[in-house]
Amino acid sequence: MVRLMRLAHQEGRSILFEPTEVLLLELRAKAKAAGGAKWLPDPSKKIITREELRAWWEERITEPLDGVSTRSGGKPATKMTEAGLADEMIALAAALRRDYASEVRVPRYLDASDINQLQRRVRSEVATLRAKYLAGELNVDPVQFHSLCVSQMDALNAERDGAEEDRSAFLKGCLYDITDRCLLRFARPLP
């Protein structure tokens with residue numbers, strides 16, 4: 001991970017820890033997919049060319065920087081549009097993210113340690129799903145991948161004991177906040 005951060009720095013760009021972690025997961029998934037591909041019928045799937053890798057790097061390293069000029073909450077809408085999700089789903093995601101942001105700023109029923117634990121859990125689940133998606137272990141389109149991510153938030157919510165309040169909206173808001181911070185996209189990267 002440090003090598004990716006150093007490479008970005010050598011190119012005159014700064015990249016934070018979390019986006020670097022996502023880049024590393026994607027890079028490993030690309031390598032795994034190439035390693036698992038068969039020579040026949042298409043040997044090009046086994047080879048990652050320098051040009052392909054450079055194009056991927058440029059796209060992914062500039063995304064967090066370009067996103068700085070995008071208003072908060074605008075990045076999930078862009079990513080959801082590129083994944084082919086409907087406008088009402090995008091509006092709903094924006095509302096959930098706003099609710100999440102207000103809940104994080106003024107916790108009502110969760111203390112700070114609960115919030116941090118839930119945020120870490122969401123990031124972990126999303127990282128696992130994204131890595132499987134990029135490695136080709138999930139044979140789904142972007143809309144189905146989004147649905148899978150949302151369903152995973154419901155599964156996390158279902159793990160609470162009966163005395164705890166429903167946290168479904170909080171978890172989904174966290175999912176869209178992660179998307180806003182350029183740590184998740186629903187479409188597959190271009191080959």
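Just so it is clear, the structure is predicted and the values come from calculations on it, not from any experiment.

A few points about the confidence of the model for the protein chain
And step 1. When pLDDT is averaged along the protein chain, the result is 79, and 87% of the positions lie at 70 or above.
And step 2. When pLDDT is averaged over each element of the protein chain, helix α7 (residues 142-158) comes out on top at 92 and helix α3 (residues 50-67) at the bottom at 72.
And step 3. Predicted confidence is poor over residues 65-73, with pLDDT under 50, and the contacts of this stretch with residues over four places away or in other chains come to eight contacts.

Things to note about the environment of Cys-182
And step 1. Looking at the secondary structure, you find Cys-182 in the segment after α8 (168-180).
And step 2. Given a relative accessible area of 5%, Cys-182 falls into the buried group.
And step 3. Between the C-alpha atom of Cys-182 and that of Pro-76, which follows or precedes it by 106 residues, the distance is 8.4 Å.

Some remarks on the pattern of salt bridges
And step 1. Considering all chains together, one arrives at eleven salt bridges under this definition.
And step 2. Its salt-bridge partner being Glu-11, residue Arg-54 comes within 2.9 Å of it at the nearest N-O pair. Residue Arg-54 is located in helix α3, and its partner Glu-11 is located in the loop between α1 (2-10) and α2 (17-36); the two are separated by 43 residues in the primary sequence.
And step 3. Given a relative accessible area of 33%, Arg-54 falls into the partly exposed group.
And step 4. Overall, the relative accessible area of 29% leaves Glu-11 in the partly exposed class.
And step 5. When the shortest N-O distance is used, the salt bridge between Arg-185 and Glu-82 registers 2.6 Å. Taken together, the residues Arg-185 in the segment after α8 and Glu-82 in helix α4 (residues 74-82) connect sequence positions 103 residues apart.

Quick word on the nonpolar core
When a protein is soluble and globular, its nonpolar side chains tend to lie buried together.
And step 1. Of all hydrophobic cores here, the largest spans 29 residues; its most connected members are Val-122, Phe-145, Leu-175, Tyr-176 and Phe-186.
And step 2. Elements with a minimum of two residues in this core: α5 (87-105), α6 (112-134), α7 and α8.
And step 3. Grouped together as the second largest cluster of nonpolar side chains are eight residues, Leu-4, Ala-8, Leu-23 and Ile-61 included.

Comments concerning the side chain of Glu-125
And step 1. Inspection of the secondary structure puts Glu-125 in helix α6.
And step 2. Classification of Glu-125 as buried rests on a relative accessible area of 17%.
And step 3. At 2.9 Å, the side chain of Glu-125 forms a polar contact with the side chain of Gln-152.
And step 4. Glu-125 has contacts with Gln-152, Met-153 and Leu-156, leaving out every residue within four places of it along the chain.

Points about the packing of aromatic side chains
And step 1. For the structure shown, the criterion picks out two aromatic pairs.
And step 2. With 4.1 Å between their ring centres and 5° between their planes, Tyr-133 and Phe-145 make a pair best called stacked. Highlighted residues: Tyr-133 in helix α6 and Phe-145 in helix α7, separated in sequence by twelve residues.
And step 3. Where Phe-145 meets Phe-186, the ring centres are 6.4 Å apart and the plane angle is 55°; that geometry is what we call tilted.

Topic: α8
And step 1. End to end, α8 covers 18 Å across 13 residues, agreeing with the expected 18 Å (1.5 Å per residue, within 8%).
And step 2. Of all 13 residues making up α8, twelve are buried, and the element is well covered by its neighbours.
And step 3. The set of residues buried in α8 consists of Ser-168, Phe-170, Leu-171, Lys-172, Gly-173, Cys-174, Leu-175, Tyr-176, Asp-177, Ile-178, Thr-179 and Asp-180.
And step 4. At the C-terminal side of α8, Cys-182 shows a positive phi close to 65°.

Description of α7
And step 1. Between the first and last C-alpha of α7 there are 24 Å, a value that for 17 residues agrees with the 24 Å anticipated at 1.5 Å per step.
And step 2. All of the buried residues along α7 are Phe-145, His-146, Cys-149, Val-150, Met-153, Leu-156 and Asn-157. Burial along α7 is one-sided: seen end-on, the buried residues are contained in an arc of 140°.
And step 3. Here α7 starts with a cap whose side-chain oxygen sits 3.1 Å from the backbone nitrogen of Val-143, and that cap is Asp-141.

What counts, and where the lines are drawn
- Note on numbering: residues in each chain are counted from 1, in written sequence order.
- Side-chain atom pairs in this predicted model are given and counted only at pLDDT of 80 or more, local residue features only at pLDDT of at least 70, and totals for whole chains, interfaces and linings cover all residues.
- The side-chain quantities take in all heavy atoms of the structure and omit both hydrogens and water.
- Each residue gets a pLDDT score, which is the predictor's confidence in that residue and runs from 0 to 100.
- The way it works is that DSSP assigns letters per residue, a run of H or I at least four long becomes a helix, a run of E at least two long becomes a strand, and they are numbered from the N terminus.
- Residues count as neighbours in contact if any of their non-hydrogen atoms are within 4.5 Å of one another.
- Note on classification: 1.4 Å probe, protein chains only; a residue is buried when its accessible area is under 20% of the maximum for its type, exposed when over 50%, partly exposed between these limits.
- Whenever Lys or Arg places a side-chain nitrogen within 4 Å of a carboxyl oxygen from Asp or Glu, that contact is recorded as a salt bridge.
- The nonpolar core is taken to be a set of buried Ala, Val, Leu, Ile, Met, Phe, Trp, Tyr and Cys residues, with the residues joined through side-chain atoms within 4.5 Å.
- The term polar contact refers here to a pair of N or O atoms within 3.5 Å; inside protein, the definition further demands a hydrogen-donor-capable atom paired with an acceptor-capable atom, and it admits residues adjacent in sequence only when both atoms are side-chain atoms.
- In this analysis, rings of Phe, Tyr and Trp, with Trp reduced to its six-membered ring, are considered paired at centre separations within 6.5 Å, and the interplanar angle assigns stacked below 30 degrees, edge-to-face beyond 60, and tilted for intermediate values.
- Under the convention used throughout, the expected extent of a helix is 1.5 Å for every residue step, that is, one less than its residue count.
- The directions considered for the arc are those from the helix axis to the C-beta atoms.

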